[in-house]
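Letter by letter, the chains look like this.
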Amino acid sequence: MLDWGQQASFSTNPIEESDINTNSPVLQYENLPNSAQDPVRRAIESPDGYHTIYGQEDFPEPFNYGDNINPGQGQYVIVYEGQYYRLRTSASGGFFFVYLFYQLPFIIYGILLAAVAFLPSEGLTGPRTEALITVPGIAFHLLGPEFDFPLLTPMQFVKLGILAVIVVLVGLLGSYLREKNILAAN
(Lines give C-alpha, C1' and ligand atoms only; values in the text may rest on other atoms or scores of the structure.)
Protein backbone atom coordinates (compact mmCIF):
# COMPACT_ATOMS: atom_id res chain seq x y z
CA MET A 1 0.00 0.00 0.00
CA LEU A 2 2.98 2.28 0.26
CA ASP A 3 2.89 2.34 -3.56
CA TRP A 4 -0.16 4.60 -3.32
CA GLY A 5 2.17 7.49 -2.56
CA GLN A 6 4.08 6.90 -5.81
CA GLN A 7 1.75 7.68 -8.71
CA ALA A 8 2.43 8.15 -12.40
CA SER A 9 -0.38 9.78 -14.34
CA PHE A 10 -1.03 9.42 -18.05
CA SER A 11 -3.42 11.85 -19.69
CA THR A 12 -4.31 11.87 -23.36
CA ASN A 13 -6.41 13.90 -25.71
CA PRO A 14 -6.84 13.51 -29.47
CA ILE A 15 -5.19 16.16 -31.64
CA GLU A 16 -4.83 16.90 -35.32
CA GLU A 17 -1.51 16.43 -37.05
CA SER A 18 -1.33 20.20 -37.56
CA ASP A 19 -1.46 20.73 -33.77
CA ILE A 20 1.78 18.84 -33.13
CA ASN A 21 4.47 20.95 -31.50
CA THR A 22 7.68 20.53 -33.51
CA ASN A 23 9.63 19.89 -30.27
CA SER A 24 7.33 17.09 -29.07
CA PRO A 25 8.58 13.59 -29.85
CA VAL A 26 6.17 11.60 -32.02
CA LEU A 27 6.04 7.98 -30.84
CA GLN A 28 4.35 5.09 -32.60
CA TYR A 29 2.24 3.08 -30.16
CA GLU A 30 3.38 -0.21 -31.72
CA ASN A 31 7.05 0.69 -31.11
CA LEU A 32 6.59 1.36 -27.39
CA PRO A 33 7.73 -1.32 -24.92
CA ASN A 34 4.90 -3.56 -23.69
CA SER A 35 5.11 -1.97 -20.24
CA ALA A 36 4.39 1.44 -21.81
CA GLN A 37 1.70 0.28 -24.24
CA ASP A 38 -0.73 -0.78 -21.52
CA PRO A 39 -1.00 2.54 -19.62
CA VAL A 40 -1.06 4.54 -22.86
CA ARG A 41 -3.86 2.37 -24.29
CA ARG A 42 -5.80 2.56 -21.02
CA ALA A 43 -5.52 6.35 -20.98
CA ILE A 44 -6.62 6.62 -24.61
CA GLU A 45 -9.55 4.25 -24.14
CA SER A 46 -10.60 5.78 -20.82
CA PRO A 47 -13.68 8.02 -20.97
CA ASP A 48 -11.75 10.84 -19.31
CA GLY A 49 -8.45 10.18 -21.09
CA TYR A 50 -6.67 9.51 -17.82
CA HIS A 51 -4.89 6.54 -16.24
CA THR A 52 -2.77 6.20 -13.08
CA ILE A 53 -0.09 3.67 -12.21
CA TYR A 54 0.94 3.05 -8.61
CA GLY A 55 4.47 2.16 -7.53
CA GLN A 56 7.60 3.70 -8.99
CA GLU A 57 8.93 0.29 -10.03
CA ASP A 58 6.05 0.08 -12.54
CA PHE A 59 6.65 3.47 -14.22
CA PRO A 60 7.33 2.46 -17.84
CA GLU A 61 10.16 3.67 -20.02
CA PRO A 62 10.67 5.69 -22.27
CA PHE A 63 8.68 8.41 -20.52
CA ASN A 64 9.82 11.00 -18.01
CA TYR A 65 7.82 11.70 -14.86
CA GLY A 66 7.80 14.86 -12.82
CA ASP A 67 5.84 18.02 -12.26
CA ASN A 68 7.62 20.09 -14.92
CA ILE A 69 6.14 19.12 -18.30
CA ASN A 70 7.94 20.11 -21.52
CA PRO A 71 8.13 18.52 -24.97
CA GLY A 72 10.17 15.35 -24.57
CA GLN A 73 9.95 15.58 -20.79
CA GLY A 74 6.45 14.53 -19.91
CA GLN A 75 4.81 15.69 -23.14
CA TYR A 76 4.68 13.43 -26.19
CA VAL A 77 2.62 12.71 -29.27
CA ILE A 78 1.41 9.13 -29.66
CA VAL A 79 0.13 7.69 -32.91
CA TYR A 80 -2.47 5.07 -31.97
CA GLU A 81 -4.49 3.36 -34.72
CA GLY A 82 -3.84 6.26 -37.09
CA GLN A 83 -5.02 8.94 -34.62
CA TYR A 84 -2.67 11.43 -32.98
CA TYR A 85 -2.88 11.93 -29.22
CA ARG A 86 -1.12 14.35 -26.94
CA LEU A 87 0.23 12.34 -24.01
CA ARG A 88 1.28 13.96 -20.76
CA THR A 89 3.05 11.95 -18.09
CA SER A 90 3.64 13.17 -14.58
CA ALA A 91 4.47 11.76 -11.19
CA SER A 92 3.17 12.78 -7.86
CA GLY A 93 3.10 11.72 -4.31
CA GLY A 94 0.93 12.50 -1.40
CA PHE A 95 0.99 13.13 2.27
CA PHE A 96 2.09 10.06 4.18
CA PHE A 97 -0.65 10.38 6.83
CA VAL A 98 -3.36 10.28 4.13
CA TYR A 99 -2.17 6.84 3.00
CA LEU A 100 -2.04 5.70 6.61
CA PHE A 101 -5.68 6.78 6.92
CA TYR A 102 -6.51 4.75 3.79
CA GLN A 103 -4.90 1.73 5.47
CA LEU A 104 -7.00 2.11 8.63
CA PRO A 105 -9.76 -0.35 7.57
CA PHE A 106 -7.11 -3.01 6.94
CA ILE A 107 -5.44 -2.39 10.29
CA ILE A 108 -8.84 -2.79 12.00
CA TYR A 109 -9.48 -5.88 9.89
CA GLY A 110 -6.13 -7.34 11.01
CA ILE A 111 -7.02 -6.75 14.66
CA LEU A 112 -10.39 -8.45 14.11
CA LEU A 113 -8.64 -11.32 12.35
CA ALA A 114 -6.37 -11.77 15.37
CA ALA A 115 -9.40 -11.75 17.67
CA VAL A 116 -11.22 -14.34 15.57
CA ALA A 117 -8.09 -16.49 15.53
CA PHE A 118 -8.02 -16.37 19.34
CA LEU A 119 -11.77 -16.78 20.04
CA PRO A 120 -12.20 -20.40 18.74
CA SER A 121 -9.67 -21.59 21.31
CA GLU A 122 -12.00 -20.13 23.94
CA GLY A 123 -15.04 -21.77 22.29
CA LEU A 124 -16.60 -18.38 21.50
CA THR A 125 -16.89 -18.62 17.69
CA GLY A 126 -17.70 -21.27 15.16
CA PRO A 127 -16.73 -22.14 11.58
CA ARG A 128 -19.17 -19.60 10.06
CA THR A 129 -17.52 -16.73 11.89
CA GLU A 130 -14.07 -17.93 10.88
CA ALA A 131 -15.17 -18.18 7.22
CA LEU A 132 -16.79 -14.74 7.45
CA ILE A 133 -13.46 -13.14 8.24
CA THR A 134 -11.25 -15.37 6.09
CA VAL A 135 -13.04 -14.80 2.76
CA PRO A 136 -12.57 -10.99 2.73
CA GLY A 137 -8.93 -11.49 3.71
CA ILE A 138 -8.40 -13.66 0.64
CA ALA A 139 -10.17 -11.05 -1.52
CA PHE A 140 -7.88 -8.34 -0.13
CA HIS A 141 -4.82 -10.22 -1.31
CA LEU A 142 -6.21 -11.09 -4.74
CA LEU A 143 -7.58 -7.63 -5.54
CA GLY A 144 -5.11 -5.43 -3.74
CA PRO A 145 -1.71 -3.85 -3.91
CA GLU A 146 0.29 -7.07 -4.10
CA PHE A 147 -0.97 -7.53 -7.65
CA ASP A 148 -1.22 -3.79 -8.52
CA PHE A 149 -5.01 -3.55 -8.17
CA PRO A 150 -6.03 -5.83 -11.06
CA LEU A 151 -9.80 -5.21 -10.78
CA LEU A 152 -10.27 -2.32 -8.37
CA THR A 153 -8.84 1.14 -8.05
CA PRO A 154 -7.20 1.96 -4.72
CA MET A 155 -10.23 3.92 -3.49
CA GLN A 156 -12.57 1.05 -4.42
CA PHE A 157 -10.19 -1.21 -2.51
CA VAL A 158 -10.45 1.06 0.57
CA LYS A 159 -14.26 0.94 0.28
CA LEU A 160 -14.05 -2.87 0.11
CA GLY A 161 -11.98 -2.77 3.31
CA ILE A 162 -14.56 -0.60 5.07
CA LEU A 163 -17.35 -2.92 3.93
CA ALA A 164 -15.43 -5.99 5.12
CA VAL A 165 -14.85 -4.44 8.56
CA ILE A 166 -18.57 -3.64 8.87
CA VAL A 167 -19.58 -7.16 7.78
CA VAL A 168 -17.11 -8.76 10.20
CA LEU A 169 -18.22 -6.54 13.09
CA VAL A 170 -21.89 -7.36 12.40
CA GLY A 171 -21.01 -11.06 12.14
CA LEU A 172 -19.08 -11.01 15.40
CA LEU A 173 -21.88 -9.13 17.13
CA GLY A 174 -24.44 -11.66 15.78
CA SER A 175 -22.25 -14.55 16.90
CA TYR A 176 -21.89 -13.01 20.35
CA LEU A 177 -25.64 -12.40 20.69
CA ARG A 178 -26.44 -15.91 19.46
CA GLU A 179 -24.01 -17.39 21.97
CA LYS A 180 -25.40 -15.21 24.77
CA ASN A 181 -28.97 -16.32 23.94
CA ILE A 182 -27.94 -19.98 23.93
CA LEU A 183 -26.24 -19.58 27.30
CA ALA A 184 -29.21 -17.65 28.73
CA ALA A 185 -31.63 -20.36 27.54
CA ASN A 186 -29.65 -23.05 29.37
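Please read all numbers here as calculations on a predicted model, not as lab measurements.

Conventions adopted
Residues numbered from 1 in each chain as written. Predicted model: local features only at pLDDT ≥ 70, side-chain atom pairs only at ≥ 80, totals over all residues. Heavy atoms only, no water. Helix = DSSP H or I, 4+ residues; strand = E, 2+ residues; numbered from the N terminus. Buried < 20%, exposed > 50% of the residue type's maximum accessible area, 1.4 Å probe, protein only. Contact = heavy atoms within 4.5 Å. Areas by Shrake-Rupley, 256 points an atom, 1.4 Å probe, with all protein chains shown as cover. Pairing = 2+ DSSP bridges. Core = buried A, V, L, I, M, F, W, Y, C linked by side-chain atoms within 4.5 Å. Salt bridge = Lys/Arg side-chain N within 4 Å of Asp/Glu carboxyl O. Polar contact = N/O pair within 3.5 Å; in protein donor to acceptor, adjacent residues only side chain to side chain.

Time to look at the overall build of the protein. If you tally the helices and strands in the protein, you get 4 helices and 6 strands. Counting from the amino terminus, helix and strand elements in the protein follow one another as β-β-α-β-β-β-β-α-α-α. Counting across all 186 residues of the protein, residues that qualify as buried make up 34%. Here the analysis covers contacts within the protein between residues at least 6 apart in sequence; of these, 72% occur between residues at least 24 apart. For the protein, the accessible surface area stands at approximately 11200 Å², while carbon and sulfur atoms represent 59% of it.

This part covers the pairing of strand E1 (residues 7–15). Where E1 and strand E3 (residues 50–54) come together, 5 bridges link them in antiparallel fashion. Across the sheet, the residue bridging to Phe10 is His51, located in E3. In the sheet, E1 pairs with strand E6 (residues 83–92) via 9 bridges, with the strands oriented antiparallel. Within the sheet, the bridge partner assigned to Phe10 lies in E6 and is Thr89.

Bringing the nonpolar core into the picture now. Core analysis: the biggest nonpolar cluster contains 16 residues, and Phe10, Leu32, Val40, Phe63, Ile78 and Leu87 have the highest contact counts within it. Elements supplying a minimum of two residues to this core: E1, helix H1 (34–45), strand E5 (74–80) and E6. Formed by 11 residues, the second largest nonpolar core is a distinct cluster that contains Tyr109, Leu112, Ile133 and Ala164.

Turning our attention to the pattern of salt bridges. In this structure the tally under the stated criterion is 3 salt bridges. A salt bridge links Asp38 to Arg41; the nearest nitrogen and oxygen atoms lie 2.6 Å apart. Taken as a pair, Asp38 and Arg41 lie in helix H1 at a separation of 3 residues, close to a single helical turn. Its salt-bridge partner being Glu45, residue Arg41 comes within 3.5 Å of it at the nearest N-O pair. Taken together, the residues span about one helical turn, with Arg41 and Glu45 both in helix H1 at a distance of 4 residues. Residue Arg41 is classed as partly exposed on the basis of its relative accessible area of 26%. Here Glu45 falls in the partly exposed class, since its relative accessible area comes to 48%. Residues joined by salt bridges that share partners form a network here, namely Asp38, Arg41, Arg42 and Glu45.

Mapped onto the elements of the fold, Ser24 is located in the loop between E1 and strand E2 (26–28). Ser24 gets classed as buried once you look at its relative accessible area, which sits at 7%. Here the side chain of Ser24 touches Gln75 through a polar contact of 3.4 Å, side chain to side chain.

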